[in-house]
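So the chains spell out like this:
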Amino acid sequence: MFTRLLNVIRGWFGLAVSDLEKRNPEALLELEAENLRKQVGSYNQGLAAHAGLAERLMSQVRKLETEERELRARTTAHLRAGNKDAAGQHALRLQTVTRELEENRRQMAQAEETYRNLVKARDVAVSSARAKIEEMRLKEQASALAEEQFGGQLAEAHADVAELPAALKAFG
């Protein structure tokens, strides 16, 4: 019983809000436009943060690629010089750097894919919000046109009602 009463109260509030929305469609349009601006700003902040992560990964990859080339050259030089211990140490470090480089490249590929997905999500959200705003504008225009037409018909009806007593006197 109590839940039914709550549903009735919610319904009244819903009707009141709907009535307010109908009375002030420009405010709704402005609210949607503001929501769109906030949403785009939020998406752009996320994209910028993600781009920063991708840039750090690219920097690490470049650094590791340089280190890998140097270690290969040192390992080769020590092997040619007969320094097996030094060549072994450089070879172990080379293995570690190669693994790190592969992992960073994998992470960079994932970061690029995530960035593309974030851009798509932002674009979908923006186009959806723009479509909603355009739909609201069209509804507002249709409502204004209907009100204009109804207002003209209402004025004609008032004129006819005003002329009715005079017409009745003419017959009577």
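Residues numbered from 1 in each chain as written. Predicted model: local features only at pLDDT ≥ 70, side-chain atom pairs only at ≥ 80, totals over all residues. Heavy atoms only, no water.

Overall, the predicted model of the chain reaches an average pLDDT of 82, with 77% of residues at or above 70. Taking the mean pLDDT of every element in the chain, the minimum, 69, falls on helix H1 (residues 2-23) and the maximum, 88, on helix H2 (residues 25-81). (pLDDT = per-residue confidence, 0-100. Helix = DSSP H or I, 4+ residues; strand = E, 2+ residues; numbered from the N terminus.)

Here we take up the environment of Tyr115. In this fold, Tyr115 is placed in helix H3 (residues 84-171). Once the C-alpha coordinates of Tyr115 and Leu47 are considered, the two residues, 68 residues apart in sequence, prove to be 6.8 Å apart. Once you skip the residues sitting within four places of it in the chain, Tyr115 turns out to touch Leu47, His50 and Ala51. (Contact = heavy atoms within 4.5 Å.)

The next subject is a nonpolar patch on the surface. The grouping of Phe2, Leu5, Leu6, Val8, Ile9 and Trp12 at the surface amounts to a nonpolar patch, some 600 Å² of accessible area in total. Inspection of the secondary structure puts Ile9 in helix H1. Residue class for Ile9 comes out partly exposed when judged on its relative accessible area of 31%. (Patch = residues over 30% accessible without salt bridge, like charges linked within 9 Å, V, L, I, M, F, W, Y side chains within 5 Å. Areas by Shrake-Rupley, 256 points an atom, 1.4 Å probe, with all protein chains shown as cover. Salt bridge = Lys/Arg side-chain N within 4 Å of Asp/Glu carboxyl O. Buried < 20%, exposed > 50% of the residue type's maximum accessible area, 1.4 Å probe, protein only.)

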